[in-house]
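# Structural overview
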Amino acid sequence: MLGFVLDDVFLGHRAPSGHPERPARAEAVRDALLAADIAGRGRHIAARAVTDEELARVHAPAYLDELAKAVPGRTGWLDADTYFSPGTWEAARLAAGATSQLAIDVMDGALSQGISVVRPPGHHATRDRAMGFCLLNNVAVAAAAARARGAARVAIVDWDVHHGNGTQDIFWDDPTVMYLSVHQYPYYPGTGAPTEIGGPNAKGTTVNVGLPGGSGDVEYAAVFDHVFVPALTKFQPDLILVSAGFDAFQHDPLAGMRVTHEGFAAMAQRLRALADRICGGRIVAVLEGGYDLDGLAGGMTRVLSAFAAPGAILPAVAAMPLHPVARAAIEGTLAAHAAAGVPIPSISTPGQAP
Ligand SMILES: [Zn+2]
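Here is a short report on the structure shown in this document. As the structure is a computational prediction, the values presented were derived from the model and not from experiment.

### So, the sheet that holds strand β1 (residues 2-6)
- Taken in spatial order, the 8 strands line up as β2-β1-β5-β10-β9-β6-β7-β8 in an open sheet, and their pairing is parallel. Looking along the sheet, the strands with just one partner apiece sit at the ends: β2 (42-44) and β8 (206-211). Strand-to-strand twist in this sheet, taken as the mean axis angle between neighbours without regard to direction, amounts to 15°.
- Relative to strand β5 (residues 113-117), β1 is paired through 5 bridges, and the arrangement is parallel. Note that in β5 the partner of L2 across the bridge is Q113.
- Sheet strands touched by helix α1 (residues 23-35): β1, β5 and β10 (283-287). Its angle to β5, the strand with the most contacts, is close to 140°.

### Examining the environment of Q101
- By the secondary structure assignment, Q101 is in helix α5 (residues 88-108).
- Discounting residues that sit within four places of it in the chain, Q101 has contacts with I45 and R48.

### Describing the packing of α1 against helix α10 (residues 293-308)
- Where α1 meets α10, the closest approach of the two axes is 8 Å, and the angle between their N-to-C directions is 40°. Judged by the inter-axis angle, α1 sits oblique to α10. Read as a crossing pair, α1 and α10 show a hand that is right-handed. Across the interface between the two elements, A24, R25, A28, V29, D31, A32 and L33 of α1 pack against L293, L296, A297, M300, T301 and L304 of α10.

### Notes on the nonpolar core
- Of all hydrophobic cores here, the largest spans 120 residues; its most connected members are A103, A142 and L241.
- With 12 residues, the single largest contributor to this core is α5.
- Residues within four places of L241 in sequence aside, it is in contact with A103, V139, A142, A143, V154, I156, V284 and V286.

### What about the pairing of strand β6 (residues 154-158)?
- Among the 5 residues that make up β6, 5 are buried, leaving the element largely enclosed by the rest of the structure.
- The alternating pattern of β6 places V154, I156 and D158 and A155 and V157 on opposite faces, both of which are buried.
- At this point the chain moves from β6, through helix α7 (residues 165-170), to the parallel strand β7 (residues 177-184), and the crossover so formed is right-handed.
- Sheet topology note: the β6/strand β9 (residues 239-244) ladder contains 5 bridges and is parallel. From the neighbouring strand, V154 faces β9, where its bridge partner is L239.

### With respect to the packing of helix α9 (residues 261-278) against α10
- Running from N to C, α9 and α10 cross one another at 30°; their axes reach a closest spacing of 8 Å. Here α9 lies roughly parallel to α10, going by the angle between them. For the pair α9 and α10, the crossing hand works out as right-handed. Each of H261, F264, A265, A268, Q269 and R272 in α9 lies in contact with α10, whose residues at this interface are G298, G299, R302, V303, S305, A306 and F307.
- Residues of the contact of α9 with α10, tallied by class, amount to 6 nonpolar, 5 polar and 2 charged.

### Examining the environment of A98
- Looking at the element boundaries, A98 is found in helix α5.
- Taking the C-alpha atoms as reference points, A98 and L6, separated by 92 residues in sequence, lie 9.6 Å from one another.

### Examining the pairing of β10
- A large share of β10 lies buried, amounting to 5 of its 5 residues.
- Of the two faces of β10, both are covered, the one formed by I283, A285 and L287 as well as the one formed by V284 and V286.
- Of the pairings in the sheet, the one linking β5 to β10 comprises 4 bridges and is parallel in character. When the bridges of β10 are listed, G114 appears paired with V284.
- With 5 bridges connecting them, β9 and β10 associate as parallel partners.

### Here we look at α10
- Taking 1.5 Å of rise per residue, the 16 residues of α10 would be expected to cover 22 Å, and the 22 Å separating its terminal C-alpha atoms lies within 8% of that figure.
- The element α10 is largely enclosed, with a buried count of 12 among its 16 residues.
- Of the residues making up α10, those classed as buried are G295, L296, A297, G298, G299, M300, R302, V303, L304, A306, F307 and A308.

### What about unusual backbone geometry?
- Cis geometry is adopted by the peptide bond preceding P186, which originates at Y185 and carries an omega value of -5°.
- Relative to the helices and strands, P186 resides in the loop between β7 and β8.
- In this model, Y188 is joined to P189 through a cis peptide bond whose omega is 0°.
- Although it is not a glycine, F133 sits at a positive phi angle of roughly 75°.
- The backbone of Q236 shows a phi angle near 55°, a positive value even though the residue is not glycine.
- On the secondary structure map, Q236 appears in the loop between α8 (217-235) and β9.

Rules of the game
Residues numbered from 1 in each chain as written. Predicted model: local features only at pLDDT ≥ 70, side-chain atom pairs only at ≥ 80, totals over all residues. Pairing = 2+ DSSP bridges. Helix = DSSP H or I, 4+ residues; strand = E, 2+ residues; numbered from the N terminus. Axes fitted to C-alpha atoms, helices over the stretch in contact; angles between N-to-C directions. Contact = placed C-beta atoms within 7 Å. Parallel < 35°, antiparallel > 145°, perpendicular 65-115°, else oblique. Left-handed = near helix turned anticlockwise from the far one by under 90°. Core = buried A, V, L, I, M, F, W, Y, C linked by C-beta atoms within 7 Å. Buried ≥ 20, exposed ≤ 12 C-beta atoms within 10 Å, placed from the backbone. Right-handed = clockwise from strand over helix to strand, strands pointing away. Nonpolar A, V, L, I, M, F, W, Y, C, P; charged D, E, K, R; others polar. Expected span 1.5 Å × (residues − 1).

Put into structure tokens, the structure is as follows:
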């Protein structure tokens, strides 16, 4: 049974002035998922607050103290991009707690898959700093919760158009949590080079593919087929978490990619099929960015369709011609891992038939 988090408390996080990270984003996803009968295809899981113990696994005590003093009941900014309002503290604590609970329920077998429609987003929040609209790193809290619940290894796949520098930072030197990101590069926040592969104790468990602006469905599918699927198959996680941002959508106002709804479907289908093959189907997606309402609604609906479907077969490796810069990016990631002695066993040359 798929579990889902969909709660109006996440609408209470409101910018003091016009801001792209706005409540209408979650409303658009909620309305689309309800129209797609998520209530008939899964079970609603009430959001609960994150515990101090869960937060302490991924955030520094001084940072948590700073947030607890500055944010509750107030309005202001933590950096040039990251606002808070009187509803923010409750929303942020429930966003992290709800996502964590889905991961725990999936690890326990109470749920098979999960979809967490929350805000504020989390993947830019580092161990000790809020940034990029993010206060608490929801997906990192969930990964650490799954580890505490018995998962030997957890993988986080981040297809938000921005590099999830916070998640990378938190698990940089942790060999039990693999972080894989495909993002527009170079772009905000500036991290995510192919040579960023993890710390001395965790070489190869950070995987970055930075695609050029203008990349679309074919390039994203190629990243999954040539890099992410082989890397995840080698890593053998017990749970796959997805930082599901939809700002690589073709009409997103903050970025320059060309992914369509069907491109998000292709990524979600690959991960669902891979999860069935390597980790008992255990997969949980959490909303990150995405600033075009149609991209958000259509994208998350495709994730629901992929996650709620019975075990699919991995699609054949995409052999469509790739943009040469995208192809070079994929080859650059494979080369960086090979050079560090932690090769990703890619199955064929990107852009050619296997
Ligand atoms: Zn983003």
